[in-house]
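The residues making up each chain are set out below.
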Amino acid sequence: MVDIAERPRLAATAAATAATDAAPRLPRRLLGLGGRVLHRTAALLTLALVWETAPRLGLVDRVFLPPLSEVLLGWTALLRSGQLAEHVGASLTRSLTGLGLAVLTAIPLGLLIGWYRPLAELLSPLLEVFRNTAALALLPVFVLILGLGETSKIALVLYACSWPILLNTIAGVKGVDPLLIRSARSMGLNHLRLFQKVILPAAVPTIFTGVRLAGAYSILVLVAAEMVGAKAGLGYLINYAQYNFAIPDMYAGIITISAIGLVVNQLLVAVERRFSTWRVDVSAS
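Residues numbered from 1 in each chain as written. Predicted model: local features only at pLDDT ≥ 70, side-chain atom pairs only at ≥ 80, totals over all residues. Heavy atoms only, no water.

Trainee: It is not clear to me how the packing of helix α5 (residues 139-146) against helix α6 (residues 150-174) should be interpreted in this structure. Could you clarify?
Mentor: Their axes nearest at 9 Å, the elements α5 and α6 cross at an angle of 140°. Put simply, α5 runs oblique to α6. As for the relative orientation of α5 and α6, their crossing is right-handed in sense. Of α6, the residues touching α5 (which contributes Leu139, Phe142, Val143 and Leu146) are Thr151, Ser152, Ala155, Leu156 and Tyr159. Each residue belonging to the contact of α5 with α6 can be placed in one class, and the counts come to seven nonpolar, two polar and no charged. (Axes fitted to C-alpha atoms, helices over the stretch in contact; angles between N-to-C directions. Helix = DSSP H or I, 4+ residues; strand = E, 2+ residues; numbered from the N terminus. Parallel < 35°, antiparallel > 145°, perpendicular 65-115°, else oblique. Left-handed = near helix turned anticlockwise from the far one by under 90°. Contact = heavy atoms within 4.5 Å. Nonpolar A, V, L, I, M, F, W, Y, C, P; charged D, E, K, R; others polar.)

Put into structure tokens, the structure is as follows:
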């Protein structure tokens, strides 16, 4: 047995040993984390290095492709003046409104079309016609009907975002394993409970794939629409900078669009994980 007087000394010795064992682990963890970050950002760092050095070495004309440092200085100047925030706010308002409306309309419609075969057979020819019509090809139509204001731009984003969400929702519902459906029906689930407990959860990953595609479309289509008849927005900023030969500002707008697209995609990935917690990560095994 251990003497009571010896217990504090033994506890201090154990704590010191644990601290000594944990001390080498911290640098290893930091080194591993740094290696993972470097691995994931290696391509971006290479692109930044090439962008910075190629114009300075004369490999490309720095008038049309200035070094990255000059572009970042232009981006900083736009940010400090408040112009960048104004353009980003205008573009985000339009794109998020159109994307939100597309989610609210395309997902329920896709669930209905995927679940009820008569409705799918009725709307299939119409869907085939419009799914192959590019959104930007309809830009003049939206402008003629809805004018040059906000309504036409939001409507164009809504149209462009609806198709990937709608088609992926239909595919997600139709791709549910029939064995799951038969098993649920054998357990006595009615149509509503079957749809709620089996169909919808199984279709969530495919639906979110469509939502992520729509998130990218909402930015790309909007930028093109803002180049026609807009007074604010990232598309307007890029077009205005090009016409005034403010090349760093033009590239600053392009970089901002890329950053917004990346952030939107990561947010949608996080939401998808939140609604797909029941899924098993096969790659982790």
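Here the narrative resumes.
Trainee: Help me out: how do you make sense of the packing of aromatic side chains in this one?
Mentor: By convention here, two paired aromatic rings are described through the distance between centres and the angle between planes. Scanning the entire structure with this criterion turns up five aromatic pairs. Consider the rings of tyrosine 159 and tryptophan 163, whose centres lie 6.0 Å apart with planes at 75°: the pair is edge-to-face. In this pair, tyrosine 159 and tryptophan 163 both sit in helix α6, four residues apart, roughly one turn of the helix. Like tryptophan 163, tyrosine 159 is buried. When the centroid spacing of 5.8 Å and the interplanar angle of 25° are considered together, the rings of tyrosine 236 and tyrosine 240 count as stacked. Linking tyrosine 236 with tyrosine 240, this pair stays in helix α9 (residues 234-243), spanning four residues, or about one helical turn. Residue class for tyrosine 240 comes out partly exposed when judged on its relative accessible area of 47%. In textbook terms, an aromatic cluster arises when at least three aromatic residues are bridged by ring pairs, as seen for Phe142, Tyr159 and Trp163. (Phe/Tyr/Trp six-rings, centres within 6.5 Å; stacked < 30°, edge-to-face > 60°. Buried < 20%, exposed > 50% of the residue type's maximum accessible area, 1.4 Å probe, protein only.)

Trainee: Looking at this model, I keep getting lost on unusual backbone geometry. Mind explaining?
Mentor: In terms of backbone geometry, most residues other than glycine have negative phi values and most peptide bonds are trans. The phi torsion at phenylalanine 245 lies on the positive side, around 55°, for a residue other than glycine. Within the element layout of this structure, phenylalanine 245 appears in the loop between α9 and α10 (247-275).

Trainee: Just checking my understanding: could you explain the side chain of serine 218 for this structure?
Mentor: On the secondary structure map, serine 218 appears in helix α8 (residues 191-226). A relative accessible area of 3% places serine 218 in the buried class. Apart from residues lying up to four places away in sequence, serine 218 is in contact with Ser95, Leu99, Val157 and Cys161.

Trainee: Looking at this structure, how should I read the confidence of the model for the protein chain?
Mentor: Overall, the predicted model of the protein chain reaches an average pLDDT of 79, with 80% of residues at or above 70. Predicted confidence for residues 280-285 stays below pLDDT 50, and this span has zero contacts to residues more than four positions away or in other chains. (pLDDT = per-residue confidence, 0-100.)

Trainee: Would you take a moment to explain the pattern of salt bridges for this structure?
Mentor: If the charged atoms of two oppositely charged side chains come close together, the side chains can form a pair. For the structure shown, the criterion picks out four salt bridges. One salt bridge in this structure joins arginine 56 and glutamate 52, with 2.6 Å as the shortest N-O distance. Of this pair, arginine 56 and glutamate 52 both sit in helix α1 (residues 7-56), four residues apart, which is roughly one turn of the helix. On the accessibility criterion, arginine 56 (46% relative accessible area) is partly exposed. (Salt bridge = Lys/Arg side-chain N within 4 Å of Asp/Glu carboxyl O.)

Trainee: Whenever I open this one, the nonpolar core confuses me. Can you help?
Mentor: In a soluble, globular protein the nonpolar side chains are often hidden away together inside. One finds Leu156, Ile165, Leu166, Ile199 and Leu234 to be the most contacted residues of the largest nonpolar core, which totals 57 residues. Within the residue set of this core, elements represented by two or more residues are α2 (68-81), α3 (83-115), α4 (117-131), α5, α6, α8, α9 and α10. Ranked by the residues each element gives to this core, the list is headed by α8, at 13 residues. Residue contacts for leucine 166: discarding those within four places in its chain leaves Ala106, Leu109, Gly110, Ile113 and Leu127. (Core = buried A, V, L, I, M, F, W, Y, C linked by side-chain atoms within 4.5 Å.)

Trainee: Quick question: what am I supposed to make of the packing of α3 against α4 here?
Mentor: When two helices pack together, you describe them by how their axes are tilted relative to each other and by the distance separating the axes. It is at 6 Å that the axes of α3 and α4 come closest, and there the two elements cross at 115°. For the pair α3 and α4, the contacting residues are Leu112, Ile113 and Trp115 in the first and Arg117, Leu119, Ala120, Leu123 and Leu127 in the second. Tallied by class, the residues present in the contact of α3 with α4 amount to seven nonpolar, no polar and one charged.

Trainee: I keep staring at the environment of proline 140 and nothing clicks. Help me out?
Mentor: Within the secondary structure, proline 140 sits in helix α5. Classification of proline 140 by relative accessible area gives partly exposed; the value is 48%. The spacing of proline 140 and valine 228 is 88 residues in sequence and 9.6 Å in space, taken between C-alpha atoms.

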